[in-house]
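Letter by letter, the chains look like this.
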Amino acid sequence: MIWLLRRIGISILLVWAVASIVYLAIHLVPGDPAELLLSSAGMTPNPEAIADLRQQLGLDRPMLDQYLTSLGGLVRGDLGVSLRDGTPVAEEIARRLPRTLELLGVAGLFAAIFGIPLGTFAALQRGRTLDRALSGIASLSLAVPVFVLGTLTVMLFALQLHWAPAGGFVPITQSLAQHLILLAMPALTIGIGLAAIVMRMTRASILDVMQRDFIRTARAKGVGAWRILVHHMLRNAMMPVVTVLALHLGSLLGGTVLVEYVFNWPGMSGFLVDAVNARDYPEVVGVILVISIIFVALNLIVDIVYGLLDPRVRR
């Protein structure tokens, strides 16, 4: 329990550090946000208009006061309002975040279902034809850029086979079948690269575990090959695999811009790009903070899984 509380405390400190860095970085960016907003709106920024807008946005207050207000809002779940239309940033993120999480969740599930077994087969067939074939396919999958893979997916499944529309989004409440069909292609596009990474990591990790003394001891005792694989190899080999999969999913949380653009999927990445183009600072800060919090949460989950897989970590 103390180990878990320590990990949670470290995660809270990381979130506070990220929030502070994001706040300071935004204020260190050259230029006056009020002046930029007025200029982008097609207005001629004069000192009176700039001063009025700074007062409306609270930019005329001391920096420490603004920082404490922003930090208090983050604790309450209040990320401010959009400068473009005045809608609460938290509501807009709450509407788009599940779509991106669903996309990455399905992609991660696909990567685990295919990457771990294929990596295991490649390790058990080390140096043979199957191993070389799987390693070549994985290298090819990693070499193809995601936007090229997405375009090829659209051309194959939408334009040639007519199995699914080229892109778009339909809520689950409207049509579950249509929602899953539209989700499949972008999730597959992300999942293919993730599966290749998971497969390579699984293969390397199992090959490392196969050389350990406890594996040789289990074989000498006459333990069955299947039991050795499941209870000894896979359990010890999964720790780096879980780490790689979780960290890649975290990095993809804000990096699925091209996939969401190709398939017209209204997630967080496209929302962040629109906010940056519109210089909507509350939206930019809100999205970055939410992505950072989820990334820290993924690291916490990895630590907990480590503790469950290896009791030595808890000690």
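To start, this report covers the structure provided alongside it.

The rules behind these values
- Residues numbered from 1 in each chain as written.
- Predicted model: local features only at pLDDT ≥ 70, side-chain atom pairs only at ≥ 80, totals over all residues.
- Heavy atoms only, no water.
- Helix = DSSP H or I, 4+ residues; strand = E, 2+ residues; numbered from the N terminus.
- Buried < 20%, exposed > 50% of the residue type's maximum accessible area, 1.4 Å probe, protein only.
- Contact = heavy atoms within 4.5 Å.
- Areas by Shrake-Rupley, 256 points an atom, 1.4 Å probe, with all protein chains shown as cover.
- Lys, Arg positive; Asp, Glu negative; His and termini not counted.
- Charge placed at Lys NZ, Arg CZ, Asp CG, Glu CD.
- Phe/Tyr/Trp six-rings, centres within 6.5 Å; stacked < 30°, edge-to-face > 60°.
- Lys NZ or Arg CZ within 6 Å of the ring centre and 35° of its normal.
- Core = buried A, V, L, I, M, F, W, Y, C linked by side-chain atoms within 4.5 Å.
- Salt bridge = Lys/Arg side-chain N within 4 Å of Asp/Glu carboxyl O.

Description of the overall build of the protein chain
Of the regular secondary structure elements, the protein chain holds 14 helices and zero strands. The helix and strand sequence of the protein chain, counted from the amino end, reads α-α-α-α-α-α-α-α-α-α-α-α-α-α. For the C-alpha atoms alone, the extent of the protein chain along its principal axes is close to 85 × 55 × 35 Å. Going through the 315 residues of the protein chain one by one, you find that 37% of them count as buried. Looking at the protein chain alone, contacts between residues at least 24 apart form 72% of all its contacts between residues at least 6 apart. Entry remark: accessible area of the protein chain is about 17,400 Å², with carbon and sulfur atoms responsible for 67%. Averaged over its 24 positive side-chain charges, the protein chain has a centre that lies 22 Å from the centre of its 20 negative ones.

Some thoughts on the packing of aromatic side chains
Tallied over the full model, the rule gives three aromatic pairs. On the basis of an interplanar angle of 40° and a centroid distance of 5.7 Å, the ring pair of Phe 157 and Trp 163 is categorised as tilted. Phe 157 sits in the partly exposed class, given a relative accessible area of 22%. One cation-aromatic arrangement involves Arg 99 over Phe 169; the distance from NZ or CZ to the ring centre is 4.6 Å.

Considerations on the nonpolar core
In this structure, Ile 93, Ile 190, Met 268, Val 287 and Val 290 are the most contacted members of the largest nonpolar core, which totals 41 residues. Within the residue set of this core, elements represented by two or more residues are α1 (2-28), α5 (89-124), α7 (146-160), α8 (176-210), α10 (225-253), α12 (268-277) and α13 (281-309). Per element, the largest residue contribution to this core is eight residues, and it comes from α8. Discounting chain neighbours no more than four positions away, the residues touching Ile 93 are Leu 79, Pro 98, Met 268, Phe 271, Gly 286, Val 287 and Val 290. Counting residues in each nonpolar core, the second largest holds eleven residues, with Met 210, Ala 218, Leu 229 and Ala 237 among its members.

With respect to the environment of Tyr 67
Secondary-structure assignment places Tyr 67 in helix α4 (residues 63-76). Along the chain, Tyr 67 and Leu 252 lie 185 residues apart, while their C-alpha atoms are 29 Å from each other. Leaving out residues up to four positions away in the same chain, Tyr 67 has contacts with Trp 16, Ser 20 and Tyr 23.

A closer look at the pattern of salt bridges
Evaluation of the coordinates by the stated rule reveals five salt bridges. Two residues, Arg 96 and Glu 92, come together in a salt bridge whose shortest N-O distance is 3.1 Å. In this pair, Arg 96 and Glu 92 are both assigned in helix α5, four residues apart and thus about one turn of the helix distant. Taking relative accessible area as the criterion, Glu 92 reaches 17% and is therefore assigned buried. Linking Asp 213 and Arg 216 is a salt bridge whose minimum nitrogen-to-oxygen distance equals 2.3 Å. With Asp 213 and Arg 216 both in helix α9 (residues 213-220) and three residues apart, this pair spans about one turn of that helix. Among the residues examined, Asp 213 registers a relative accessible area of 52% and is labelled exposed. One network of salt bridges, in which partners are shared, links Glu 92, Arg 95 and Arg 96.

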